[in-house]
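Secondary and tertiary structure notes
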Amino acid sequence: MKECPYGEKCYRKNPIHFGEFSHAHLDAIYAKGNGSGDYEIPDQYSSEMIHTQLKLLEKLFPKQTAKKQQKAHSSSSKPAVTAPVASGSSSSVSLDTKPSGSSTSRPAASQDTSNLAKKQKLNAKNIRDYIPVVIEKGGMAKKLERAAPYNMFLTAITDSKPTHSEPLSITLQEILDESLGEIESTVQINFMVDIGWLLGHYYFAGILDKPLLLLYGDESPELLSIGKFKQQVTAIRVKMPTPFATSHTKMMFLGYSDGSMRVVISTANLYEDDWHNRTQGLWISPKLPALPVDADTGAGESLTGFKQDLMLYLVEYKISQLQPWIARIRNSDFSAINVFFLGSVPGGHREGSVRGHPWGHARLASLLAKHAAPIDDRISVVCQSSSIGSLGANVQAWIQQDFVNSLKKDSTPVGKLRQMPPFKMIYPSYGNVSGSHDGMLGGGCLPYGKNTNDKQPWLKDYLQQWKSSDRYRSRAMPHIKSYTRFNLEDQSVYWFVLTSANLSKAAWGCFNKSSNIQPCLRIANYEAGVLFLPRFVTGEDTFPLGNNRDGVPAFPLPYDVPLTPYAPDDKPFLMDYLQG
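Residues numbered from 1 in each chain as written. Predicted model: local features only at pLDDT ≥ 70, side-chain atom pairs only at ≥ 80, totals over all residues. Heavy atoms only, no water.

**A few points about the UniProt feature "site: Interaction with DNA" (unreviewed entry) in the chain**
Spelled out, the test is: UniProt positions are given in the numbering used here, feature names are shortened, and annotations may be inferred rather than shown by experiment. Numbering of helices and strands runs from the N terminus, with a helix taken as a DSSP run of H or I at least four residues long and a strand as a DSSP run of E at least two residues long. Burial classes: relative accessible area under 20% of the type maximum marks a residue as buried, over 50% as exposed, and values in between as partly exposed (1.4 Å probe, protein chains only).
The sites that carry the UniProt feature "site: Interaction with DNA" (unreviewed entry) are, in the present numbering, Ser-504. Within the element layout of this structure, Ser-504 appears in the loop between β17 (492–499) and α18 (505–508). For Ser-504, a relative accessible area of 11% gives the class buried.

Structure follows, in structure tokens:
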């Protein structure tokens, strides 16, 4: 069994993880204990955390058979069913195709000697051991209906119980809930994927045997051979043109048995930590029915052009396995969608005569210039992300000249003299992270490093702390990414972007300003998000902020306003703190 890479810093509470990885410090404590809750825990450890993890070891490796199980890990004291996933996998799950109360079991295929076949098996009765926040099935359709017109959710936070019942909190199981439709196939496009964790969710949703097309960005050895053991899973790593580029999009397509489908755009990777104690955002489309066979080729488009923009984006992957889904999108009715699709794709891009700029921050500028209500130049552009790129020697270098210059656009007639609006950046401080649910480990989703920070000391003057008391998430570090402009005086939000794109040139693009050619926006990453513009969502010029306005619900900002600037002694959290 492999040693957990986090060692003593591991804070996981997932039995799957403890069935795959050993932890020397836990093994030593467990060996000295009685196997039933009585342990001497050294002072340097969190007693509550260690006790929780030891309880998992008790379930997985009861004392009377601990030695045998630690040698083989090929059997379980619990009745279960087995379905091998990948040879040599270090992140996988043994599951039957559908949850069942059956006590029958089937041995793993003899030719599979991977960790996958050796690890602790699950059955439907222990869903709460696998998924910490379990919401009663069957209610997601009504929850989505009540979330209109924004359809924007934050993920439930394991250690913040008020979020478990918050109307705009959501779990992955709810996204797969049968009340939204009977799923026949899915697509997952994501950066980091723990296939065992994901298939565990599919198992408990009763869709483990349904076709899954998985496009992933981060290197994942267990996904290379997944198709050999789970023939319904097709996993393809997205090829990037440069070593530093990232396939960073987080998006799902859910296909239903009645021919309809649904699009989900998210900020969360597909692994346990991202759905545990981290603030994530998701937008869920309405159900998109199939068009009649004889429908016109342009039928079923939304007023926002979402369908066309999504298809153009998917074509950029140049992956043949996506073609059936592009055809399905073309033949679906997207007219109920009220947001704009906002994507980034690798390469150099110039403004076109029809769509304007196609991708990145220049695309956002085109949409704002055409559709955003006039905004006072004193209104700040507020950015918020989980990482920060190299932004240049001063605020003018890229933030003002490129990024804010795009995000300041509105429909004010050209020719009026405009000022550069203020720029604010929400990013957790060291104090925010140290006080999080997971302590310093809560900063594991914030990969901003000292080397980059040292080159841009000017940034601290623009930083705002992470506070989300109204959403019960001040201690849940944000992996969400959002961009907006709002006015506290008249309690209005002018527009809002939810996206996978961090504040970086790689994600949003950087103009090549050669005077000899038309400006070219160079983008490194694949990213995807949605733009909420009031005229398309509520029919008004602004969204209400804080309270409902004339029957229109307030826009659900993920953080508290007014914002809280860094104090003089505050400093941004840096990933280096976890390594020291």
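**So, empty space enclosed by the protein**
Heads up, the rule is: Each cavity reported here is a set of points on a 1 Å grid over the protein atoms alone in which a 1.4 Å probe fits but cannot get out, each pocket an open set with protein on both sides within 12 Å along at least five of seven lines, and each lining residue one with an atom within 4 Å of a point. Grid points are joined across faces, edges and corners, and a volume is the space filled by probe spheres set on the points. Under the grouping applied here, Gly and all other residues not named as nonpolar or charged are polar, the nonpolar ones being Ala, Val, Leu, Ile, Met, Phe, Trp, Tyr, Cys and Pro and the charged ones Asp, Glu, Lys and Arg.
Inspection of every chain in the model, using the stated rule, returns 7 cavities of 30 Å³ or more. Quantified by volume, the largest cavity comes out at close to 160 Å³. If you go around the largest cavity, you meet 15 residues; those closest to its centre are Ile-131, Pro-132, His-201, Trp-275 and His-276. Its residues assigned to classes, the lining of the largest cavity comprises 9 nonpolar, 5 polar and 1 charged.

**Structural notes on helix α15 (residues 396–407)**
Let me state the cut-off plainly: In this analysis, the expected span of each helix is defined as 1.5 Å times one less than the number of residues it contains. In this description, one arc is meant: the one made by directions from the helix axis to the C-beta atoms.
Between its first and last C-alpha atoms α15 spans 14 Å; for 12 residues at 1.5 Å apiece the expected length is 16 Å, and the helix comes up short by more than 12%. Among the residues making up α15, those that are buried are Trp-398, Ile-399, Asp-402, Phe-403, Val-404, Ser-406 and Leu-407. Projection of α15 onto a plane perpendicular to its axis shows the buried side chains occupying an angular sector of 160°, all on one side.

**Comments concerning the layout of surface pockets**
Threshold: Source of the domain bounds: an automatic or database domain assignment.
For the second largest pocket, the calculated volume is near 760 Å³. Taken together, 37 residues form the lining of the second largest pocket, with Ala-365, Ser-366, Leu-367, Ala-369 and Lys-370 sitting closest to its centre. Within the residue set of the lining of the second largest pocket, elements represented by two or more residues are α12 (306–315), α14 (360–371) and α15. When residues are assigned to domains, the lining of the second largest pocket turns out to be shared by domain 2 (128–311) and domain 3 (339–578), each giving three or more.

**Observations concerning unusual backbone geometry**
Along the chain, Ala-148 connects to Pro-149 via a cis peptide bond; the corresponding omega equals 5°. Among the secondary structure elements, Pro-149 is positioned in the loop between α7 (140–146) and β3 (152–155). With an omega dihedral of 0°, the bond running from Val-561 to Pro-562 counts as a cis peptide bond. Tracing the chain through its elements places Pro-562 in the loop between β21 (543–544) and α20 (576–579). The backbone phi angle of Lys-318 is positive, close to 55°, even though this residue is not glycine. Among the structural elements, Lys-318 can be located in the loop between α12 and α13 (323–330). The phi dihedral of Tyr-472 is positive, around 60°, even though this residue is not glycine.

**Let's talk about the nonpolar core**
We apply this condition: In this description, a nonpolar core means a group of buried Ala, Val, Leu, Ile, Met, Phe, Trp, Tyr and Cys residues linked to one another through side-chain atoms lying within 4.5 Å. Contact definition: two residues touch when any of their heavy atoms are within 4.5 Å.
Ranked by internal contacts, the top residues of the largest apolar core, which has 102 residues, are Leu-314, Trp-495 and Phe-532. Ranked by the residues each element gives to this core, the list is headed by β17, at 6 residues. Mapped onto the domain boundaries, this core takes at least three residues apiece from domain 2 (128–311) and domain 3 (339–578). In contact with Trp-495, not counting residues within four places along its chain, are Leu-368, Ala-372, Ile-375, Leu-407, Tyr-483, Thr-484, Arg-485, Leu-531, Phe-532 and Leu-533.

**Details of the pairing of strand β11 (residues 340–344)**
Residues in a regular strand point their side chains to alternate faces of the sheet. Keep this limit in mind: Strand pairing is defined by DSSP finding a minimum of two bridges between the two strands.
Within β11, 5 of the 5 residues are buried, which leaves the element mostly enclosed by the surrounding structure. Burial of the side chains of β11 extends over both faces: Phe-340, Leu-342 and Ser-344 are buried on one face and Phe-341 and Gly-343 on the other. Pairing of β11 with strand β20 (residues 527–532), which is carried by 5 bridges, proceeds in the antiparallel orientation. Pairing of Phe-340 across the sheet is with Leu-531, part of β20.

**Describing the packing of α12 against α13**
When two helices pack together, their arrangement is given by the angle between the helix axes and the distance between those axes. Rule in force here: The axes used here are C-alpha line fits, helices contributing only the stretch in contact, and every angle between their N-to-C directions lies in the interval 0 to 180 degrees. What sets the label is the angle itself: under 35 degrees gives roughly parallel, over 145 gives roughly antiparallel, 65 to 115 gives roughly perpendicular, and the rest give oblique.
Two elements in contact, α12 and α13, have axes whose closest approach is 10 Å; the angle formed by their N-to-C orientations is 170°. In this view, α12 runs roughly antiparallel relative to α13, as classed from their interaxial angle. Together, Lys-307, Leu-310, Met-311, Leu-314 and Val-315 of α12 and Ile-326, Ile-329 and Arg-330 of α13 make up the contact between the two elements.

**Examining the sheet that holds strand β6 (residues 212–216)**
Ordered by their spatial adjacency, 8 strands build an open sheet running β4-β3-β10-β9-β8-β5-β6-β7, and the pairing between neighbours is mixed. Lying at the two open borders of the sheet, with one neighbouring strand each, are β4 (169–170) and β7 (233–237). Across the face of the sheet, α12 comes into contact with β5 (183–190), β8 (251–256), β9 (261–266) and β10 (281–284) while running at roughly 110° to β8. Against the sheet, α13 contacts β5, β6, β8 and β9, and its axis sits at roughly 70° relative to β8.

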